[in-house]
Amino acid sequence: MHAIVHALTITGSMTWEITWALILGFALSAVVQAVVRRSTVVRLLGDDRPRTLAIASLLGAASSSCSYAAVALARSLFRKGADFTAAMAFEIASTNLVVELGVILALLMGWQFTLAEFVGGPVMIVVLALLFRLFLRERLLRQAREQAERGVAGSMEGHAAMDMSVGGDGSFLRRLLSRRGFTSVSHVFVMEWAAILRDLIGGLFIAGAIAAWVPDSFWRGFFITGHPLLAKLWGPLVGPLVAVVSFVCSIGNVPLAVVLWKGGISFGGVVAFIFADLLIAPILSIYRKYYGLRMAAFLAGTFYVAMVVAGYVVELAFGGLGLIPSQATAKIPDQGVSWNYTTFLNIAFLILAAVLVIRFFRTGGMMMLKMMVGAPEPEPAAHVMDGMDGMDGHHHHSDGHHSGG
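Structure report, in brief.

Parameters at a glance
- Residues numbered from 1 in each chain as written.
- Predicted model: local features only at pLDDT ≥ 70, side-chain atom pairs only at ≥ 80, totals over all residues.
- Heavy atoms only, no water.
- Salt bridge = Lys/Arg side-chain N within 4 Å of Asp/Glu carboxyl O.
- Helix = DSSP H or I, 4+ residues; strand = E, 2+ residues; numbered from the N terminus.
- Buried < 20%, exposed > 50% of the residue type's maximum accessible area, 1.4 Å probe, protein only.
- Contact = heavy atoms within 4.5 Å.
- Core = buried A, V, L, I, M, F, W, Y, C linked by side-chain atoms within 4.5 Å.

### Description of the pattern of salt bridges
Taken as a whole, this structure holds four salt bridges when the rule is applied. Between aspartate 48 and arginine 133 there is a salt bridge; the shortest N-O distance is 3.1 Å. Of this pair, aspartate 48 sits in the loop between helix H2 (38-44) and helix H3 (50-61) while arginine 133 is found in helix H7 (residues 111-135), placing the two residues 85 residues apart along the sequence. A residue is classified by how much of its surface remains accessible, and aspartate 48, at 23% relative accessible area, is partly exposed. For arginine 133, a relative accessible area of 57% corresponds to the exposed category. Note that lysine 262 and aspartate 216 form a salt bridge whose closest N and O atoms lie 2.9 Å from each other. Within this pair, whereas lysine 262 is found in helix H14 (residues 253-263), its partner aspartate 216 is found in helix H12 (residues 216-222), the two being separated by 46 residues in sequence. A residue is classified by how much of its surface remains accessible, and lysine 262, at 32% relative accessible area, is partly exposed.

In structure tokens, the structure reads:
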């Protein structure tokens, strides 16, 4: 019984530590998504030039941080004419270069990990683009496009399909501060939470259980901490493999990363582990449904290599600059709730979240939540959910599918 209470205490402490950061991150993401039209994204991702990949990364960083939604959106963009490499760069940035991930890493692990994430992410995208240039054959790409056009259901298609941006003329600020802008932000905010909640809760509970029940001696042996050089080589290789079998993606894998870091995985290994949310077993299965078995295997191989290389680059660069924090100071949050800056920030941001949630339900949000579980359509088409337009003059375009999550 004591072990269960200990695990739940760790889970609760981690949750309390990151609540305000999650709300802030999703609110910022919602603001950007409210004013950037999906059609604009497709238009900007037409090739695999360095400039295009940089734009894809920036747009990805401003979109949904849910891994399933990012994967579904990448296919949607590909079906609408975006370059495949650019769509994959967008997907990587969506889950690994987002604000909420950076803030949570800083809170739970230290600013060095946030910096490593934003250095390693672009490295991974560059390596992946090079691998695609070298090894992606036109025949395989054609087969993947044919499979993508079938519109086989995976997960979160509806969430990926909904374009909740505010159209019309006017500046960024004017559109954002309008009633329609407020509604759009509230809709994106709640849909983002709905998309990642399962993985976030799963990640927190798994991390709490492993931290409480798996002894550090197991991890020290597994990560070869007795041989520093070997540990640095082994970490980035094994980090993604641990992620594959953890089944936790999006920002839900950060709590587990805390446990692995305290257990002795190398700095580069942590970074590779966090990047590997796009290689967990359920997402590999979705790649197979979206693009066919051969392309799924190609993506698994190239993504893995890119993550490992990014892990090594971060390990070398940060080690050389003396920026790798001491593992001896690594600590699992288990102190519970106390009156400090975290509590005051949580109260303030929970009030903000409540305001957005109330707006969401007052402007037809339940209909959107129900649509998260639907299946995509076989052919890309533009749909407008007219039922919600009348409520606030706010347009929700369903991009390429009817529903999703």
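### Structural notes on the side chain of serine 266
On the secondary structure map, serine 266 appears in the loop between H14 and helix H15 (267-275). Take serine 266: its relative accessible area is 8%, and that puts it in the buried class. Leaving out residues up to four positions away in the same chain, serine 266 has contacts with Ala231, Lys232, Gly235, Pro236, Trp261 and Glu315.

### Thoughts on unusual backbone geometry
Despite not being glycine, isoleucine 224 shows a phi value in the positive range, around 50°. Considering the arrangement of structural elements, one finds isoleucine 224 in the loop between H12 and helix H13 (228-246).

### Digging into the nonpolar core
Most often, soluble globular proteins keep nonpolar side chains buried together rather than apart. Formed by 120 residues in total, the largest nonpolar core has its most connected members in Phe84, Met88, Phe189, Tyr291, Met295 and Phe303. In contact with phenylalanine 84, other than residues within four places in its own chain, are Phe78, Phe132, Leu136, Leu141, Tyr291, Met295 and Leu299.

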